[in-house]
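Residue strings, one per chain:
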Amino acid sequence: MSANLDLRHTLWLTLALALVTAPHVERLPWWLSGLVAMLLLWRTYLARARRDLPPRALLIVIVAGASAGVYFQYGTLFGRDAGVALLVVMLGLKLLEMHNRRDALLLIFLSYFLVITNFLYSQTIPTALYMLACVWFITGGMIGINYTRSPQSVLPQLRTSALLLGQAVPLMLVLFVLFPRVQGPLWGMPADTQRASTGLSDTMSPGSVTDVALSDAVAFRVEFKTPIPESKRMYWRGPVLWDYDGRTWRAPRRMYARIKYDARDQPVDYSVTLEPHGKAWLFALDLPSTVPPGTLVTNDFQLISPRPVTARMRYDMRSYLDYTYGADEPRPNLDRALELPAGFNPRTLELARSLRARHKSDAAIVEAAYAMFGRERFTYTLAPPPLGVNMVDEFLFDSRAGFCEHYSSAFAVLMRAAGIPARVVTGYLGGEANPIGDYLIVRQADAHAWTEVWLEGRGWVRVDPTAAVSPARIERGLAAADVAGVPLFMRGDNVVMRRLRLTWDSLANSWNQWVLGYTPERQRALLTRVGLDDATWRTLAGLLLAATGAVILVVAFFTLRRLRVRVDDPVVRIYLAFCRKLAAKGLARDAAEGPFAYAERVSASRPDLASRVRDFVALYVGLRYGGMARGANVARLKKLAQELRA
Amino acid sequence: MQLLRPFTTWLFRLHGPERGEVVLVQRRIFILPSKAGVMFAAVLLLMLTGSINYALSLGFILTFLLGGLAVVAMLHTFRNLAGLRVTAGKAEPVFAGDVARFPIALRNPTRTPRFGLVVARDETDHDIVDVPAEGASVATAAVPAERRGLLYPGRLTLYTRYPVALYRGWSYVDLDTHCVVYPRPAPAGVPLPPLAAGGAEGSGHGEGHDDFYGLRQYHPGDSPRHIAWKAAAREQGLLTKQFTGYAPAELRLSLDSAPPHLPLEDKISRLTRWVLDADAAGIAYALSLPNASIDAATGVAHRERCLHALALV
């Protein structure tokens, strides 16, 4: 096996490296991508021109320079981003130091490793498919360097690679399902793996929900075990904002307390698969009555996880849609829900006073204010005009155009001004039912904000002023609301596109559930379902061994069955059987012994068999070499061979 | 190692040379991870740890896929050897100090082609062959020929790293074959011993064959250097040049022809040199040795016969 690589192997590996590195380029600093591209081109040139590789000293200089660059770029040499950057540079340089097969193998192994680093950033189906193609190609390169001579075409390499990988798939599946999963991380997860993602925050100021609503990213998906409620009743509760400074609403420090509630209808059971959003809260239908393991519920019914949600998580929930709660809300909380910054929005305060004067009860004031939003000419838009210092005044009396954050904020301010405790709740409203996968998709575009007011004897009551302005938004979602400024992708007009989109999302959902969401819990649940309750690592290891063993046997059977030598000529088959019989009698045929010589030798040592053996051999030679007619003669030959047993 | 010998004998079936065709049955094939395979395992372990730490489902999938690949590759390495039929061909004689090349025929009776097979005594000098489905190829095992006589290749290793370099699959074959190793010729320059004319009288000089006498029809066995190539170029057919001299002059070589003070091996070396020189000069020579007596003649077959006898003194 020649230790040196030929041009084709070098180009193959260079291309493989380029393919694996390509997805990293958008995340790498431009100078580093440029450097790596240069290294790859350099190697290609050297290989084609059959020039010597650069001296080691030069490579060391480049390594030092690149490492320093990475350090200045990221402030560290470790962690995800810096680590990947460094690995990419090192691989490019290893390519320039690749002299022989051993170097090439190291490069191949590290290329596999580079594939896995791509998964740190994306684990979507397209990424998976692209990386599978890369692995196929890299494996083809590994096979290539083991060939005797470079084959004429790349096909045998790619075919063998596909064959090997295809045969590896059953083993991969068994290991994926049964390999004992450990809850990570084993060591500290580098801080930079937490991606910045769009989503709600725990503050709200004009435009903040609008920004979120312009994204079609999935916030979470829901599978209902009970019938799916009407869209307009699906308020997914998120951060609850109490504090207002005239411009921004904020969530206070969380208070945890068991709150009493009265449910007035059947519960809704469902499970939520939440996309990572980097924040601590979970979403559930208003009003959540269970708490997923490991999370807490606040006194305003937010579900809070102790850690930010940085990985997709799935939890089972039960909620009530018709309820009362908070009638016994402590006084300090109610006071907090009445606070308004002094010196803002004089016209709103005036309106509140007049409402208070005209209506006796708080409930009547709420109703009147709500009716006002429906009566006056408010418009619902994603592109409202900018507002000045007295935002609520300007919104209520001048612009009258806004998105849900404007309505909920204005309503809450008005209520507080009228002496009714009020707060803003952000979250999502509705969602898109996907009939293909039978689940609900809640997107960032479904982000919503509403108001809760506290009424004596009834506790906290939800009031959604947006519903008064744009009922369509509440009932059928943003796309149906004919809102100015809704991007094209969110409009549901095109039936074919919509169906494609839903099919794709259904696929993505199954992928999330079964591939990406295959967690230790999921594994345990699956094993329980096949009757392995509380599987210890011992049973799991046993099962794993047995299953892999079985799979290997099956693969071995299919791989090795072509090794059997098929004898097509019945005459030869009979002759071989005849030789085997004689061998059993201690008269094995010599490798170089022809039939007649063999027969003579057998006859000499076993005169009792002589005549039969001679007859047989004469007939055999006649049939095989003498052009004797087959048919009846073959049957006779067979009979002669069988008689030998006697 | 001494203690292990019975074990290795059993394991590797070291029962001495086997006659005829050796079939690589499952029992004779050994597979171990190569150095690259060990490195690959280390990389897989690293990938597994990373996948656990970052809870990367696709990382698990890739790791397990490559793990599966490693297992499957072992089957393919095995398949690449299993069922091959190995026979030794006839090795061409060589002179001591050269490398003997044993042709080893690899016959593949199955419908799976084999790739990247090497037959070698050690792993330094080798030749890689592919064997087509239901076909055969000849690999060459190089064995240094150090001493004259019969050279047995001994235990040869038939190995492969196909399809990926993660494993080395091999089988030991000890084929009953040999190569004749001619003695190493002494350095050129020592004049030939005197010729004997007509068998009895000495001729005195060895130059007689340089006097050109005429041409005659070519007979097979004539030395190529006596062919009249110019005549052949003129399309007169192959003619052989004839020389005057003491016509049936011949050279009688025996161990006594060499200076008596030389050790036996040196005498044999010198005789070998003379055989070659006489053959080159087209002089008929006879050889008498303790183990053989060969009458005077010329030609390639005669030379080989003499060298063979010298190899086996």
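K.L.:
Can you break down the overall build of chain B residue by residue, with the values?
P.N.:
Along its length, chain B carries six helices and 19 strands. Taking all contacts inside chain B whose residues are at least 6 apart in sequence as the whole, residues at least 24 apart take part in 64%. As displayed, chain B offers around 15100 Å² of accessible surface, 57% of which is attributable to carbon and sulfur atoms.

K.L.:
Got a sec to walk through the overall build of chain A? Specific residues and values, please.
P.N.:
Scanning chain A from terminus to terminus reveals 22 helices and 20 strands. Taken over the C-alpha trace, chain A has a radius of gyration of 38 Å; the compact-globule value for 646 residues is 26 Å, which it surpasses by more than 25%. Projected onto its principal axes, the C-alpha coordinates of chain A cover approximately 135 × 65 × 50 Å. When burial is assessed residue by residue, chain A has 50% of its 646 residues classed as buried. Counting only contacts in chain A whose residues sit at least 6 apart along the sequence, the fraction spanning at least 24 positions is 73%. Roughly 30700 Å² of accessible area belongs to chain A as shown, and the carbon and sulfur atoms make up 59% of that amount.

K.L.:
If you had to explain the sheet that holds strand β12 (residues 313-319) of chain A to someone new, which residues and values would you point to?
P.N.:
Across a sheet, strands are paired by hydrogen bonds formed along the backbone, either parallel or antiparallel in direction. All names here are of chain A. Here five strands make up an open sheet; going across it, the order is β12-β7-β2-β18-β17 and the pairing antiparallel. The open sheet is flanked by β12 and β17 (432-434), the only strands paired with a single partner. The sheet shows a mean angle of 30° between the axes of neighbouring strands, direction not considered. In the sheet, β17 pairs with strand β18 (residues 439-443) via three bridges, with the strands oriented antiparallel. In the strand pairing of β18, A433 is matched with L440.

K.L.:
Go over unusual backbone geometry with me, naming the residues and quoting the values.
P.N.:
Residue and element names in this part refer to chain A. The peptide bond linking D286 to L287 adopts the cis configuration, its omega dihedral lying at 15°. Phi is positive for R400, which is not a glycine, with a value near 55°. Considering the arrangement of structural elements, one finds R400 in the loop between α12 (391-399) and β15 (401-402).

K.L.:
Please provide a residue-by-residue account of the interface of chain B and chain A, values included.
P.N.:
Taken together, the contact between chain B and chain A spans 55 residues of the former and 62 residues of the latter. Together, the buried faces of chain B and chain A total about 5300 Å²; carbon and sulfur atoms form 76% of this surface. The interface formed by chain B and chain A includes zero salt bridges. Linking chain B with chain A are six residue pairs in polar contact (both at pLDDT 80 or more), by the criterion used here. Elements with a contribution of two residues or more to the side of chain B that touches chain A: α2 (35-53), α3 (57-81), β6 (114-120) and β7 (128-131) of chain B. Per-element accounting of the side of chain B that touches chain A gives the leading share, 19 residues, to α3(B).

K.L.:
So what about the environment of B:G237? Which residues, and what values?
P.N.:
Residue and element names in this part refer to chain B. Here G237 shows up in the loop between α4 (229-233) and β16 (239-243). Classification of G237 by relative accessible area gives partly exposed; the value is 34%. In this structure the C-alpha to C-alpha distance between G237 and V180, which are 57 residues apart in sequence, comes to 37 Å. If we ignore the near neighbours within four places in the chain, the residues touching G237 are A231 and A232.

K.L.:
So what's going on with the pattern of salt bridges? Residues and values would help.
P.N.:
All names here are of chain A. Scanning the model with the defined rule gives 35 salt bridges over all chains in all. A salt bridge links R331 to D335; the shortest N-O distance between them is 3.3 Å. Of this pair, R331 and D335 both sit in helix α9 (residues 331-336), separated by four residues, roughly a single helical turn. What makes R331 partly exposed here is its relative accessible area of 47%. Its salt-bridge partner being R606, residue D608 comes within 3.1 Å of it at the nearest N-O pair.

K.L.:
Any details on the sheet that holds strand β1 (residues 22-23) of chain B? Residues and values, ideally.
P.N.:
Pairing is antiparallel in the open sheet, where four strands are placed in the order β1-β3-β5-β8 (chain B). Since the sheet does not close on itself, it has two edges, and those belong to β1 and β8 (136-144) of chain B, each with one partner.

K.L.:
Residues and numbers for the nonpolar core, please.
P.N.:
Ranked by size, the top nonpolar core spans 98 residues in total, and within it A:F109, A:Y112 and B:L66 carry the most contacts. Considering each element in turn, this core owes the most residues, twelve residues, to α3(B). The contact partners of A:Y112, leaving out residues within four places of it in the chain, are A:V135, A:I138, A:T139, A:M142, B:F40, B:M47, B:L62, B:L66 and B:L69.

K.L.:
Break down the packing of α12(A) against helix α13 (residues 404-417) of chain A for me, with residues and values.
P.N.:
Residues and elements named next belong to chain A. Axis separation between α12 and α13 bottoms out at 10 Å; the angle between their running directions is 105°. The angle between α12 and α13 places the two elements in the roughly perpendicular class. On α13, the residues that touch V392, F395 and L396 of α12 are H406, Y407, A410 and V413. Considered class by class, the residues forming the contact of α12 with α13 number six nonpolar, one polar and no charged.

K.L.:
Tell me about the confidence of the model for chain B, and please be specific about residues and values.
P.N.:
Residue and element names in this part refer to chain B. Put simply, chain B has an average pLDDT of 82, and 86% of its residues get 70 or more. Scored below 50 in pLDDT, residues 198-208 makes 17 contacts in the model with residues more than four places away or belonging to other chains. This prediction of the complex comes with two scores: 0.74 for pTM and 0.75 for ipTM.

K.L.:
Describe the confidence of the model for chain A, and please don't skip the residues or the numbers.
P.N.:
When pLDDT is averaged across chain A, the result is 84; 93% of the residues are at 70 or more. When mean pLDDT is compared element by element in chain A, helix α6 (residues 125-144) of chain A scores highest at 93, while helix α15 (residues 471-476) of chain A scores lowest at 74.

K.L.:
Talk me through the packing of helix α4 (residues 79-95) of chain A against helix α5 (residues 101-119) of chain A; I want residue IDs and the actual numbers.
P.N.:
All names here are of chain A. It is at 10 Å that the axes of α4 and α5 come closest, and there the two elements cross at 155°. Classified by the interaxial angle, the pair formed by α4 and α5 is roughly antiparallel. The crossing of α4 and α5 is left-handed. Only D103, L106, L107, L110, S111, F113, L114 and T117 of α5 make contact with α4, whose side of the interface consists of V84, L87, V88, L91, K94 and L95.

K.L.:
Describe helix α20 (residues 595-605) of chain A, naming the residues involved and giving the relevant values.
P.N.:
Residues and elements named next belong to chain A. The set of residues buried in α20 consists of P595, Y598, A599, V602 and S603. Each buried residue of α20 lies within a common arc of 130° when the element is viewed along its axis, so the set occupies one face. The inward-facing, buried residues of α20 contact α19 (570-584) and α21 (610-624).

K.L.:
A description of the packing of aromatic side chains should follow, citing residues and the corresponding values.
P.N.:
For any two aromatic rings, the description comes down to two numbers: the centre-to-centre distance and the angle of the planes. Applying the stated rule across the entire model yields 38 aromatic pairs over all chains. Taking the centre distance of 6.1 Å and the plane angle of 45° together, the rings of A:Y261 and A:Y320 count as tilted. Placement of the pair is A:Y261 in strand β6 (residues 261-263) and A:Y320 in the loop between β12 and β13 (323-325), with a sequence separation of 59 residues. A cation over a ring is seen here: A:R181 above B:F60, with NZ or CZ 4.0 Å from the ring centre.

K.L.:
Could you give an account of the state of the cysteines, naming the residues involved and the relevant values?
P.N.:
One pass over the structure, following the stated rule, counts zero disulfides over all chains. Cysteine B:C306 is unpaired, with the sulfur of B:C179 as its nearest cysteine sulfur at 18 Å.

K.L.:
Tell me about the pairing of strand β3 (residues 235-241) of chain A, and name the residues and values.
P.N.:
All names here are of chain A. Judged by how many residues are buried, β3 sits mostly within the fold: seven of seven residues are covered. Relative to strand β16 (residues 422-429), β3 runs antiparallel, the two being bridged by five bridges. When the sheet's bridge partners are listed, Y235 is paired in β16 with L429.

K.L.:
An account of the side chain of B:S34 is needed here, citing residue identities and associated values.
P.N.:
In this structure, B:S34 sits in the loop between β2 (30-33) and α2. Look past the residues within four positions of B:S34 in its chain and what remains in contact with it is B:R161, B:A165, B:L166, B:Y167 and B:R168.

K.L.:
Break down α12(A) for me, citing the residues and quoting the values.
P.N.:
Two residues of an α-helix separated by three or four positions point the same way, owing to the 3.6 residues in each turn. All names here are of chain A. Along α12, the residues that are buried comprise M391, V392, D393, F395 and L396. As for α12, its buried residues are in contact with β4 (243-244), α10 (346-358), α11 (362-375), β15 and α13. Of the residues trailing α12, R400 is marked for its positive phi of about 55°.

K.L.:
Which residues make up a positive patch on the surface, and what values do they have?
P.N.:
Together, A:R561, A:R562, A:R564 and B:R111 make up a region of like positive charge exposed at the surface. Using a relative accessible area of 42% as the deciding quantity, one classes A:R561 as partly exposed.

The rules behind the values
- Residues numbered from 1 in each chain as written.
- Chains lettered and ligands numbered in written order.
- Predicted model: local features only at pLDDT ≥ 70, side-chain atom pairs only at ≥ 80, totals over all residues.
- Heavy atoms only, no water.
- Helix = DSSP H or I, 4+ residues; strand = E, 2+ residues; numbered from the N terminus.
- Contact = heavy atoms within 4.5 Å.
- Areas by Shrake-Rupley, 256 points an atom, 1.4 Å probe, with all protein chains shown as cover.
- Rg over C-alpha atoms; globule rule 2.2 N^0.38 Å.
- Buried < 20%, exposed > 50% of the residue type's maximum accessible area, 1.4 Å probe, protein only.
- Pairing = 2+ DSSP bridges.
- Axes fitted to C-alpha atoms, helices over the stretch in contact; angles between N-to-C directions.
- Buried area = accessible area lost by both parts, 1.4 Å probe.
- Salt bridge = Lys/Arg side-chain N within 4 Å of Asp/Glu carboxyl O.
- Polar contact = N/O pair within 3.5 Å; in protein donor to acceptor, adjacent residues only side chain to side chain.
- Core = buried A, V, L, I, M, F, W, Y, C linked by side-chain atoms within 4.5 Å.
- Parallel < 35°, antiparallel > 145°, perpendicular 65-115°, else oblique.
- Nonpolar A, V, L, I, M, F, W, Y, C, P; charged D, E, K, R; others polar.
- pLDDT = per-residue confidence, 0-100.
- Left-handed = near helix turned anticlockwise from the far one by under 90°.
- Arc of directions from axis to C-beta.
- Phe/Tyr/Trp six-rings, centres within 6.5 Å; stacked < 30°, edge-to-face > 60°.
- Lys NZ or Arg CZ within 6 Å of the ring centre and 35° of its normal.
- Disulfide = S-S within 2.5 Å.
- Patch = residues over 30% accessible without salt bridge, like charges linked within 9 Å, V, L, I, M, F, W, Y side chains within 5 Å.
- Lys, Arg positive; Asp, Glu negative; His and termini not counted.
- Charge placed at Lys NZ, Arg CZ, Asp CG, Glu CD.

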